[in-house]
Amino acid sequence: MFNLGTFLLQLVFFFVFVGICVKFIWPPAINAMRERQQRIAEGLENAEKADAALAESQQEAEKILQQARAEGQQIIDQARKQVSSMIEDAKTEARSEGERILEAARAEVAQESNRAREILRNDVATLAVVGAERILSVDIDRSKHSAMLEELVQEL
């Protein structure tokens, strides 16, 4: 049953228990909670720093990417200019080479034409001599009349 002595004894044990808890259990529990709270605060602070560093890194990466794009575009533009220059140089070289080949061909045609004229002159001179022999019915000596024949060739 319940009487005042038991109640007082329970009250004393309760205060002793509370005293033991306050003296031995409460400080380590409070210290553990404070340490945990401090670690959580540090973790949150580190997370905020990491977020700020990430944002800064993303901005820096974007700047670098823009610079790389600009440099890439410059390289492409330079390559296009260089290709255009090379094409123009090749065209100029091809034109000059074509003109040189054309001049060489013209010179060769002129030489061939001159050779053909010489051959034709010699053939005409020979035919003229043969024709003159037949007309005159006399044998013409080529060595005796070489000066006359050369003059005839020059006239033709």
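Just above, that's the structure.
Overview of the structure. Quick caveat: nothing in here was measured; it's all calculated off a predicted structure.

### Overview of the overall build of the protein chain
And then number 1: When helices and strands are counted, the protein chain shows two helices and zero strands.
And then number 2: A burial count over the protein chain gives 3% of its 156 residues as buried.

### Some remarks on a nonpolar patch on the surface
And then number 1: Taken together, Leu-4, Phe-7, Leu-8, Leu-11, Phe-14, Phe-15, Phe-17, Val-18, Val-22 and Trp-26 make up a surface patch of nonpolar side chains, about 1000 Å² in accessible area.
And then number 2: A relative accessible area of 37% means that Phe-7 is categorised as partly exposed.

### Some remarks on the packing of aromatic side chains
And then number 1: Enumeration over the complete set of coordinates arrives at one aromatic pair.
And then number 2: Look at Phe-14 and Phe-15: their rings are 5.8 Å apart centre to centre, the planes differ by 65°, and that puts the pair in the edge-to-face class.

Analysis parameters
Residues numbered from 1 in each chain as written. Predicted model: local features only at pLDDT ≥ 70, side-chain atom pairs only at ≥ 80, totals over all residues. Heavy atoms only, no water. Helix = DSSP H or I, 4+ residues; strand = E, 2+ residues; numbered from the N terminus. Buried < 20%, exposed > 50% of the residue type's maximum accessible area, 1.4 Å probe, protein only. Patch = residues over 30% accessible without salt bridge, like charges linked within 9 Å, V, L, I, M, F, W, Y side chains within 5 Å. Areas by Shrake-Rupley, 256 points an atom, 1.4 Å probe, with all protein chains shown as cover. Salt bridge = Lys/Arg side-chain N within 4 Å of Asp/Glu carboxyl O. Phe/Tyr/Trp six-rings, centres within 6.5 Å; stacked < 30°, edge-to-face > 60°.

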